[in-house]
Amino acid sequence: DAEITQSPRHKITETGRQVTLACHQTWNHNNMFWYRQDLGHGLRLIHYSYGVQDTNKGEVSDGYSVSRSNTEDLPLTLESAASSQTSVYFCASSESGSSYEQYFGPGTRLTVT
Amino acid sequence: GEDVEQSLFLSVREGDSSVINCTYTDSSSTYLYWYKQEPGAGLQLLTYIFSNMDMKQDQRLTVLLNKKDKHLSLRIADTQTGDSAIYFCAESRRRALTFGSGTRLQVQP
């Protein structure tokens, strides 16, 4: 069965370190998204991609970067982790259809100490 | 402030109907969605409605859309304890989604 996975599921890191969160989907979807979830804010869009070599900034992109070298993967990198980036991160994907239904991964809980 | 707004909490008794409300701002949104999040899990799509519809029913779920007031609601009939979760409404803007802050539904036995 097709799925979307994230790794690691939990990560603790120190301020200033570079961290990469992995997202892998086997739906063969063109569109992929990264969100962060914080209490009281719902999900906020960090970066998104409409296809290989395409990346776009979302609502809260400062301090994050992504790259899209193939259809299946969209890794999210925190260049220099900050305590404000402690959050739960969700990856999602959707096909290039009309309903834009997004399928979500299980999430990565990141703690920056 | 949030572009998509929801009340934070709703408590109902098992067997009653639940109504979760949402207001959005982008009148050009093509689709509006309801997602469910159970503890420790990702979001799961419950249902969605196309912007030219005013109602959609899917088993125990009824979605009502009032485009004039930019108001969306989700009614869950015969609410069960397994319906306890956080419910998010979302609007589509091109291919990305903008989410509300979520409504926590608590179902009391």
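Our subject is the structure that appears above.
Throughout, residues of each chain are indexed from 1 in the direction in which the sequence is written. Throughout, the order in which chains and ligands are written sets their labels, letters from A for the former and numbers from 1 for the latter. Two thresholds apply to this predicted model, a pLDDT of at least 70 for residue-level local features and 80 or more for giving and counting side-chain atom pairs, whereas whole-chain, interface and lining totals are computed over all residues. Excluding hydrogens and water, the side-chain values take into account all heavy atoms of the structure.

Okay, the pairing of strand β6 (residues 55–58) of chain B next. Residues and elements named next belong to chain B. For two strands to be treated as a pair, DSSP must find no fewer than two bridges joining them. By definition, any uninterrupted DSSP run of H or I lasting at least four residues is a helix, any uninterrupted run of E lasting at least two residues is a strand, and each is numbered from the N terminus. Here β6 pairs with strand β7 (residues 61–66) via 4 bridges, running antiparallel. Pairing of Met 55 across the sheet is with Leu 64, part of β7. Counting the residues in the hairpin turn of β6 and β7 gives 2 residues, including Gln 59, whose phi is positive at 55 degrees.

We call two residues contacting when some pair of their heavy atoms lies within 4.5 Å. Across the boundary between the two partners, chain A contributes 21 residues, which contact 19 residues of chain B. Summed over both partners, the accessible area lost on bringing two parts together, with a 1.4 Å probe, is the buried area. Summing the contributions of chain A and of chain B, the shared interface buries around 1,700 Å²; its carbon and sulfur component is 56%. Salt-bridge detection follows one rule: a side-chain nitrogen of Lys or Arg within 4 Å of a carboxyl oxygen of Asp or Glu. The tally of links from chain A across to chain B stands at 0 salt bridges. Counted as a polar contact is a pair of N or O atoms within 3.5 Å, where, for protein atoms, one must be capable of donating a hydrogen and the other of accepting one, and residues adjacent in sequence contribute only when both atoms are in side chains. Taken together, the connections running from chain A to chain B amount to 2 residue pairs in polar contact (both at pLDDT 80 or more). Residue type decides the class: Asp, Glu, Lys and Arg count as charged, Ala, Val, Leu, Ile, Met, Phe, Trp, Tyr, Cys and Pro as nonpolar, and the leftover types, Gly among them, as polar. Partitioning the side of chain A that touches chain B into residue classes produces 9 nonpolar, 10 polar and 2 charged.

The subject of this paragraph is the sheet that holds strand β8 (residues 76–78) of chain A. Residues and elements named next belong to chain A. Read across the sheet, 4 strands follow the order β1-β3-β8-β7 without closing on themselves; strand pairing throughout is antiparallel. A strand with exactly one partner marks an edge of an open sheet, and here the two such strands are β1 (4–7) and β7 (64–66). On average, each strand axis in the sheet is tilted by 20 degrees relative to the strand beside it, whichever way the strands run. Inspection of the sheet shows strand β3 (residues 19–25) paired to β8 by 3 bridges, in the antiparallel sense. Across the sheet, residue Val 19 finds its bridge partner in β8, namely Leu 78. Where helices are involved, their axes are fitted lines through C-alpha atoms of the stretch in contact, as for all axes, and angles between N-to-C directions lie from 0 to 180°.

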